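Below are the chains, spelled out letter by letter.
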Amino acid sequence: MGFLVMWKVVVFLLFSSIVYLPNSNGQAYFRISADFTIKESTVNGKEFYKGKVFFDKNVNKIIYKISFPDSKKLVMADTQMYVLQNEKIINQRFTPSTNRFSIFNLTLSGHLKNYGLDKTGYYINSIEESEDQTIIEWLPPTGLEDKLGKAVISLKNDQLFGIVLFKPNGEIMGKRFYKDYVSVNGLPFPKKVIQVSYLHGAEYYKITTFENIKIDELENEEMYRIDLNSK
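Cut-offs and rules
Residues numbered from 1 in each chain as written. Predicted model: local features only at pLDDT ≥ 70, side-chain atom pairs only at ≥ 80, totals over all residues. Heavy atoms only, no water. Helix = DSSP H or I, 4+ residues; strand = E, 2+ residues; numbered from the N terminus. Contact = heavy atoms within 4.5 Å. Areas by Shrake-Rupley, 256 points an atom, 1.4 Å probe, with all protein chains shown as cover. Salt bridge = Lys/Arg side-chain N within 4 Å of Asp/Glu carboxyl O. Buried < 20%, exposed > 50% of the residue type's maximum accessible area, 1.4 Å probe, protein only. Phe/Tyr/Trp six-rings, centres within 6.5 Å; stacked < 30°, edge-to-face > 60°. Lys NZ or Arg CZ within 6 Å of the ring centre and 35° of its normal. Polar contact = N/O pair within 3.5 Å; in protein donor to acceptor, adjacent residues only side chain to side chain. Pairing = 2+ DSSP bridges. Core = buried A, V, L, I, M, F, W, Y, C linked by side-chain atoms within 4.5 Å.

Looking now at the overall build of the protein chain. Summing up its helical and strand segments, the protein chain has three helices and 13 strands in all. Taking as baseline every contact in the protein chain between residues at least 6 positions apart, the subset at least 24 positions apart corresponds to 46%. Here the protein chain has roughly 11,600 Å² of accessible surface; of this, 50% comes from carbon and sulfur atoms.

Structure below.
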């Protein structure tokens, strides 16, 4: 599938072994859905997808119900990615356990502002203030410097604006930018995410936009709790 992002695989695979703490804020948000479109440049050219996405953090499955260019479902569950067509699994492959660091889980858990780094053992090394941004450099946990690189986060209006992830050797692994925040049920959520990845010296872009964002809806129960055992 074209819209799986190459650069995040290594860092998320490493992160998956680090304990992630539950939400500590007062509101127990648990579910999110949205319409999405994805425009992406890949090694195979430009690609475009649209559909709906569903996530319930208690179930811990991200379900992309793709309507274009063809009808299918993509399910991210634990360390497996499933592709379903006509309600049958047509492909299954290993993928790093990335759901905890998805925009959906980070938003619902109240950890998007720091990209969840404060829950992984990363620590703040420096903070720089400018007229409209706060730049925070995070360093990896002690003892993991040979496996994990630093991360630099920028905040605007006290919200996550961008993050740059580095390899241990100092090379940039990837970038993300979060724009056009809206408040849904009191929860801020960015309607546009721009992702920049690097592969073999080439730069690739992925732009994801969200509309019709719903928090804690009680409809579409079957989509949030899709049963893969029956497929």
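Next comes the rest of the write-up.
To continue, consider the pattern of salt bridges. Within this structure, the stated rule accounts for 11 salt bridges. One salt bridge in this structure joins Arg31 and Glu221, with 3.1 Å as the shortest N-O distance. Placement of Arg31 in strand E1 (residues 31–42) and of Glu221 in helix H3 (residues 221–224) is noted, with a sequence separation of 190 residues between them. The class of Arg31 is buried, set by a relative accessible area of 2%.

Turning our attention to unusual backbone geometry. Residue Pro69 is bonded to the preceding Phe68 through a cis peptide linkage, with omega at 15°. You can see Pro69 is positioned in the loop between strand E3 (61–68) and strand E4 (72–77). The backbone of Asp180 sits at a positive phi, close to 55°, despite the residue not being glycine. Counting through the fold element by element, Asp180 comes out in strand E11 (residues 172–184).

With that out of the way, let us pick up the packing of aromatic side chains. The geometry of an aromatic ring pair comes down to the distance between the two centres and the angle between the two planes. Summed over the entire model, instances satisfying the criterion amount to eight aromatic pairs. Ring centres 5.9 Å apart and planes at 85° place the aromatic pair Phe104 and Phe210 in the edge-to-face group. Taken as a pair, Phe104 in helix H2 (residues 103–109) and Phe210 in strand E13 (residues 202–215) lie far apart in primary sequence, 106 residues in all. Residue classification places Phe210 among the buried positions, given a relative accessible area of 4%. Taken together, the ring pairs in this structure connect Phe55, Phe104, Phe189 and Phe210 into an aromatic cluster. The side chain of Lys150 reaches across the aromatic face of Phe166, ending 4.9 Å from its centre. The side chain of Lys156 reaches across the aromatic face of Phe161, ending 4.3 Å from its centre.

This next bit is on the environment of Asp216. Following the sequence through the fold, Asp216 ends up in the loop between E13 and H3. Once the C-alpha coordinates of Asp216 and Ser33 are considered, the two residues, 183 residues apart in sequence, prove to be 8.4 Å apart. Beyond its immediate sequence surroundings of up to four residues, Asp216 is in contact with Ala28, Tyr29, Phe30 and Arg31. In this structure the side chain of Asp216 is engaged in a polar contact, spanning 3.0 Å, whose partner is the backbone nitrogen of Phe30.

This next bit is on the pairing of strand E12 (residues 187–199). Bridging between E11 and E12 involves 10 bridges; their strand directions are antiparallel. Within the sheet, the bridge partner assigned to Tyr178 lies in E12 and is Val193. As judged from the eight bridges shared by E12 and E13, these two strands associate in the antiparallel manner. When the bridges of E13 are listed, Gln195 appears paired with Lys206. In sequence, E12 turns back onto E13 through a hairpin of two residues, with His200 there showing a positive phi of about 55°.

Let us look at the nonpolar core. Of all hydrophobic cores here, the largest spans 41 residues; its most connected members are Tyr64, Phe104 and Phe210. Judged by nonpolar contacts, the second largest core, of 10 residues, contains Val75, Tyr82, Leu84 and Leu228.

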